[in-house]
Amino acid sequence: MMSRRLFSTLNYHKYLLFRNNNKQTNNIHNNIIRYFSTMQIEIIPCLSDNYAYLVYDDASKEGFVVDPVQPEKIMKKAEEKKVKITHILTTHHHNDHAGGNAELSQQLRIPVLGGDSRIQALSLMVKDKQEITIADMKIKVLESPCHTTGHVLYYVVSSDKKVVFTGDTLFVAGCGRFFEGTADQMHTALNCTLSSLPPSTLVYCGHEYTKKNLEFAATIEPDNPAIKAKLAWASDCRSKNLPTIPSSLEEEKTYNPFMRVNEVSVKRDGESAVDTM
């Protein structure tokens with residue numbers, strides 16, 4: 001007959017085996033979820049031609065918003081997708097980007113991140129190359145002063161995507177106005193900072209300016225087939241009231257004159273890249 005002590009010891013070892021196997025199963029399960037997590041990006045048209053973005057991890061349903069100028073539209077989309085918003089990321093202080101920060105941050109009790117003290121309801125000042133993790137998304141802050149002195153980009157990497165939110169620094173086939181900076185600064189932002197990212201990186205910008213930008217680009221390079229094709233496509237999209245974003249950094253280098261300043265078809269003889277900007 002088995003002793004009571006031996007029986008208890010055997011049961012205890014069975015328990016340990018079960019517990020360890022269960023931990024291992026949970027770890028495998030968590031890793032599988034992490035592996036199959038996908039970053040979802042909802043494009044939210046705002047005002048007359050602005051874009052805000054709801055960005056979330058599809059597995060955890062947690063995420064953030066970029067430049068939520070119209071909070072009611074953000075909340076409607078978040079409720080539709082059953083997403084918990086945990087952060088507000090702001091590219092710059094202009095009211096058509098940061099104007100909804102106070103209302104949304106108070107409603108959800110969440111922090112507002114940005115690189116300029118003038119940003120509405122700012123609670124966390126970010127710095128160049130600072131890294132942040134939200135859900136399973138890794139976010140890197142990249143300074144891009146020119147349109148405003150405190151403008152930043154957000155480069156976001158998940159298990160399945162690489163994207164960059166460019167605010168009013170880079171548009172499809174164009175760039176932002178030099179309100180508080182110089183051509184040299186914009187050249188650095190576009191042709192050094194952004195150009196150092198993987199070519200496949202998708203670009204989500206702050207405004208729907210694509211058609212007008214391509215029409216301008218066509219005056220610079222009238223024989224550029226990439227411009228002609230993109231303009232035809234963009235015209236069709238806008239006729240159907242569809243967004244023309246995202247583009248990719250690789251594409252931008254084929255038709256964006258501000259990212260082609262070293263091409264002989266863009267710059268004049270004797271001009272530097274910065275002069276061409």
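Residues numbered from 1 in each chain as written. Predicted model: local features only at pLDDT ≥ 70, side-chain atom pairs only at ≥ 80, totals over all residues. Heavy atoms only, no water.

(A) Representation of the sheet that holds strand β7 (residues 131–134). Here six strands make up an open sheet; going across it, the order is β7-β8-β9-β10-β13-β14 and the pairing mixed. Each end of this open sheet is capped by a strand with a single partner; those strands are β7 and β14 (247–248). For strand β8 (residues 137–143) and strand β9 (residues 152–157), the ladder comprises six bridges, and the chain directions are antiparallel. Each bridged residue has a counterpart across the sheet, and for Lys 140 the counterpart in β9 is Tyr 155. (Pairing = 2+ DSSP bridges. Helix = DSSP H or I, 4+ residues; strand = E, 2+ residues; numbered from the N terminus.)

(B) Quick peek at the nonpolar core. Within the largest apolar cluster, 32 residues are counted, with the highest numbers of intra-cluster contacts made by Tyr 53, Phe 64 and Phe 165. Setting aside residues no more than four positions away along its own chain, Phe 165 makes contact with Ile 41, Tyr 53, Val 55, Phe 64, Val 66, Thr 91, Leu 153, Tyr 154, Val 156 and Tyr 204. Core analysis: the next-biggest nonpolar cluster, separate from the first, contains 19 residues, Cys 146, Cys 175, Val 261 and Ala 273 among them. (Core = buried A, V, L, I, M, F, W, Y, C linked by side-chain atoms within 4.5 Å. Buried < 20%, exposed > 50% of the residue type's maximum accessible area, 1.4 Å probe, protein only. Contact = heavy atoms within 4.5 Å.)

(C) Highlighting the packing of helix α6 (residues 210–220) against helix α7 (residues 225–239). In contact at an axis separation of 9 Å, α6 and α7 are set at 155° when each is read in the N-to-C sense. Considering their axes alone, α6 and α7 lie roughly antiparallel with respect to each other. Note that α6 runs across α7; the crossing there is left-handed. When α6 is examined against α7, the residues Thr 210, Lys 211, Leu 214, Glu 215, Ala 217 and Ala 218 are found in contact with a partner set consisting of Ile 227, Lys 230, Leu 231, Ala 234 and Ser 235. Each residue belonging to the contact of α6 with α7 can be placed in one class, and the counts come to six nonpolar, two polar and three charged. (Axes fitted to C-alpha atoms, helices over the stretch in contact; angles between N-to-C directions. Parallel < 35°, antiparallel > 145°, perpendicular 65-115°, else oblique. Left-handed = near helix turned anticlockwise from the far one by under 90°. Nonpolar A, V, L, I, M, F, W, Y, C, P; charged D, E, K, R; others polar.)

(D) Layout of the environment of Ser 200. For Ser 200, the location among the structural elements is in the loop between α5 (183–193) and β13 (202–205). Ser 200 sits 50 residues away from Glu 250 along the chain, and the two C-alpha atoms are 6.1 Å apart. Setting aside residues no more than four positions away along its own chain, Ser 200 makes contact with Lys 162 and Ser 248.

(E) Looking closely at the sheet that holds strand β3 (residues 62–66). Overall, mixed pairing links the six strands, which are arranged β1-β2-β3-β4-β5-β6 in an open sheet. Of all the strands in the sheet, the pair left with one neighbour each is β1 (39–46) and β6 (124–125). Across the face of the sheet, helix α2 (residues 71–81) comes into contact with β1, β2 (50–57), β3 and β4 (84–89) while running at roughly 145° to β1. Its contacts with the sheet place helix α4 (residues 101–108) against β3, β4 and β5 (112–114), and it is angled at close to 145° to β4.

(F) Focus on the pairing of β7. Because side chains alternate across β7, one face comprises the buried residues Ile 132 and Ile 134, and the other comprises Glu 131 and Thr 133, none of which is buried. Sheet topology note: the β7/β8 ladder contains four bridges and is antiparallel. Paired with Glu 131 across the two strands is Lys 140, which belongs to β8. Hairpin connection of β7 to β8: two residues between the antiparallel strands, including Ala 135 at a positive phi of 55°.

(G) Region of the structure containing the environment of Ala 218. Topologically, Ala 218 is positioned in helix α6. Residues Ala 218 and Lys 228, spaced ten residues apart in sequence, show a C-alpha to C-alpha distance of 7.4 Å.

(H) Focus on α7. With 15 residues, α7 extends 21 Å from end C-alpha to end C-alpha; this agrees with the ideal 21 Å at 1.5 Å per step. Its side-chain oxygen 2.8 Å from the backbone nitrogen of Ala 226, Asn 224 forms the N-cap of α7. Backbone geometry just downstream of α7 places Asn 241 in the positive-phi region, at approximately 60°. (Expected span 1.5 Å × (residues − 1). Polar contact = N/O pair within 3.5 Å; in protein donor to acceptor, adjacent residues only side chain to side chain.)

(I) Representation of the side chain of Arg 260 within the structure. By the element assignment, Arg 260 lies in the loop between α8 (249–255) and α9 (273–276). In this structure Arg 260 comes out as buried when scored by relative accessible area, which is 12%. At 2.8 Å, the side chain of Arg 260 and the side chain of Glu 221 are in polar contact. With residues up to four places along the chain from it excluded, the contact list for Arg 260 reads Glu 221, Asn 224, Lys 253, Thr 254, Tyr 255, Ser 265 and Val 266.

(J) Spotlight on the packing of aromatic side chains. Evaluation of the coordinates by the stated rule reveals seven aromatic pairs. Seen from their ring centres, Tyr 51 and Tyr 53 are 6.5 Å apart, and the 40° between their planes marks the pair as tilted. Just as Tyr 51 is buried, Tyr 53 falls in that class too. Aromatic rings pair up to connect Tyr 51, Tyr 53, Phe 64, Phe 165 and Tyr 204 into one cluster. (Phe/Tyr/Trp six-rings, centres within 6.5 Å; stacked < 30°, edge-to-face > 60°.)

(K) Representation of unusual backbone geometry within the structure. Omega for the bond connecting Ile 245 with Pro 246 falls within 30 degrees of zero, at 0°, which places this linkage in the cis form. Within the secondary structure, Pro 246 sits in the loop between α7 and β14. Here Lys 61, not a glycine, exhibits a phi torsion of approximately 60°, which is positive. Looking at the element boundaries, Lys 61 is found in the loop between β2 and β3. Assessed through its relative accessible area of 29%, Lys 61 is described here as partly exposed.

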